[in-house]
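Results of the structural survey
Residues per chain are reported as follows:
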Amino acid sequence: GVGRCVALRLAERGHRLALVGRTHGKLDAVARELRSLRPEVDLEVVVADLSDPGETAGVVPRVIARFGRLDALVNAAGIAPLAPIAKTDLALLERCFATNTFAPALLIAAAWPIMSRQRGGCIVNISTIGTSDPFPGFFAYAASKSALDSFTRSIANEGRRAKIRGFTINPGAIETPLLRANFPEKVIPPEKAMPPDRVAEVVVDCIEGRREADLGGTIPLPSP
């Protein structure tokens, strides 16, 4: 989805990339696509289940061992189980917060000292417009993503001296498998969902310094 599109856009622009995800086959497919687009791309594939703090802890050290630095972190991983408030239990909350809240927080914390030493870096969090207008059934999901909005404000405050920049993007419906796992086309027609590349375009603009007016805040991207 969004992560793949971000990787494609950054590869086109000459960035070195680390792809992180829990499914080896999907990562390899994106890696092949990137190499067909740009054969000289400098690329690392990191298989890690970000819902597991132990696996998350190994991501940044692996990237540093490969590239020696870390200039941008894009927190695009997420899960969105659909459940009404009355059906929300501890297991559902733990699933949502492990991937949507704790994993980004741990990655940001691991990247922080590296970016501080470099005197610069950019962190982009992919949240949801549901943090301010949650769709019914997104009680746990919206709350777990709301933390990203707060993380970005903290990044802006603490990162000012070290020149670490932070942004949160809050998109509406995105045409991805995650969307279709919850909503058939009769509920959210394709024309009411944005392509994932629309989000990727904004991510790259944040990284490359074209959205500085949005520094430390949220960037809403409503559905069409």
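With that out of the way, let us pick up the side chain of Thr-168. In this fold, Thr-168 is placed in strand 5 (residues 164-171). For Thr-168, a relative accessible area of 0% gives the class buried. From its side chain, Thr-168 meets the backbone oxygen of Leu-148 in a polar contact 3.2 Å long. Discounting residues that sit within four places of it in the chain, Thr-168 has contacts with Asn-125, Ser-127, Leu-148, Asp-149, Thr-152, Gly-217, Thr-218 and Ile-219.

A separate point is the environment of Ile-219. Summarising the element assignment, Ile-219 is placed in strand 6 (residues 218-221). Residue classification places Ile-219 among the buried positions, given a relative accessible area of 2%. Sequence separation between Ile-219 and Ala-200 is 19 residues, and the spatial gap between their C-alpha atoms is 13 Å. If we ignore the near neighbours within four places in the chain, the residues touching Ile-219 are Phe-167, Thr-168, Ile-169, Asn-170, Val-202, Cys-206, Arg-211 and Asp-214.

Right, let's talk about the side chain of Thr-88 for a bit. You can see Thr-88 is positioned in the loop between strand 3 (72-75) and helix 5 (90-118). From its side chain, Thr-88 meets the backbone oxygen of Pro-84 in a polar contact 3.1 Å long.

It is worth spelling out the pairing of strand 4 (residues 121-126) at this point. Within strand 4, six of the six residues are buried, which leaves it mostly tucked inside the rest of the structure. Pairing geometry for strand 3 and strand 4, over four bridges, is parallel. Paired with Asn-75 across the strands is Asn-125, a residue of strand 4. A crossover connection joins strand 3 to the parallel strand 4 through helix 5; in handedness this β-α-β unit is right-handed. Note: strand 4 against strand 5, six bridges, orientation parallel. Across the sheet, Gly-121 pairs through a bridge with Ile-164, a residue of strand 5. This β-α-β element, strand 4 to helix 6 (residues 139-159) to strand 5, shows right-handed connectivity.

Summed over all chains, the structure comprises five aromatic pairs. Residues Phe-97 and Phe-102 carry aromatic rings whose centres are separated by 6.4 Å and whose planes lie at 50° to one another, so their mutual orientation is tilted. Of the residues examined, Phe-97 reaches a relative accessible area of 23% and is grouped as partly exposed. Centroid distance Phe-138 to Tyr-141: 4.7 Å. Interplanar angle 55°. Geometry classified as tilted. This pair shows no difference in class: Phe-138 is buried, exactly as Tyr-141 is.

What counts, and at which threshold
- Position numbers for residues start from 1 in each chain and track the written sequence from start to end.
- This being a predicted model, a pLDDT of at least 70 is required before a residue's local features are given, and a value of 80 or more before pairs of side-chain atoms are given or counted; all residues contribute to the totals for chains, interfaces and linings.
- Calculation of side-chain values draws on the structure's entire complement of heavy atoms; hydrogens and water are dropped beforehand.
- Helical segments are the DSSP runs of H or I of at least four residues, strand segments are the runs of E of at least two, and each set is numbered from the N terminus.
- Buried residues are those whose accessible area, probed at 1.4 Å on protein chains only, stays under 20% of the maximum for their type, while exposed residues exceed 50% and partly exposed ones sit between those limits.
- Any pair of N or O atoms that falls within 3.5 Å is considered a polar contact. Within protein, one atom must be able to donate a hydrogen and the other to accept it, and sequence-neighbouring residues count only if both atoms are side-chain atoms.
- Only heavy atoms matter for contacts: two residues are in contact if any of them lie within 4.5 Å across the pair.
- Pairing between strands requires that DSSP locate at least two bridges from one strand to the other.
- Whether a crossover is right-handed depends on one test, that the path from the first strand over the helix to the second runs clockwise when the strands point away from the viewer.
- For this analysis, a ring pair means two rings from Phe, Tyr or Trp (six-membered ring only for Trp) whose centres lie within 6.5 Å, classed as stacked if their planes differ by under 30 degrees, edge-to-face if by over 60, and tilted for the remaining angles.

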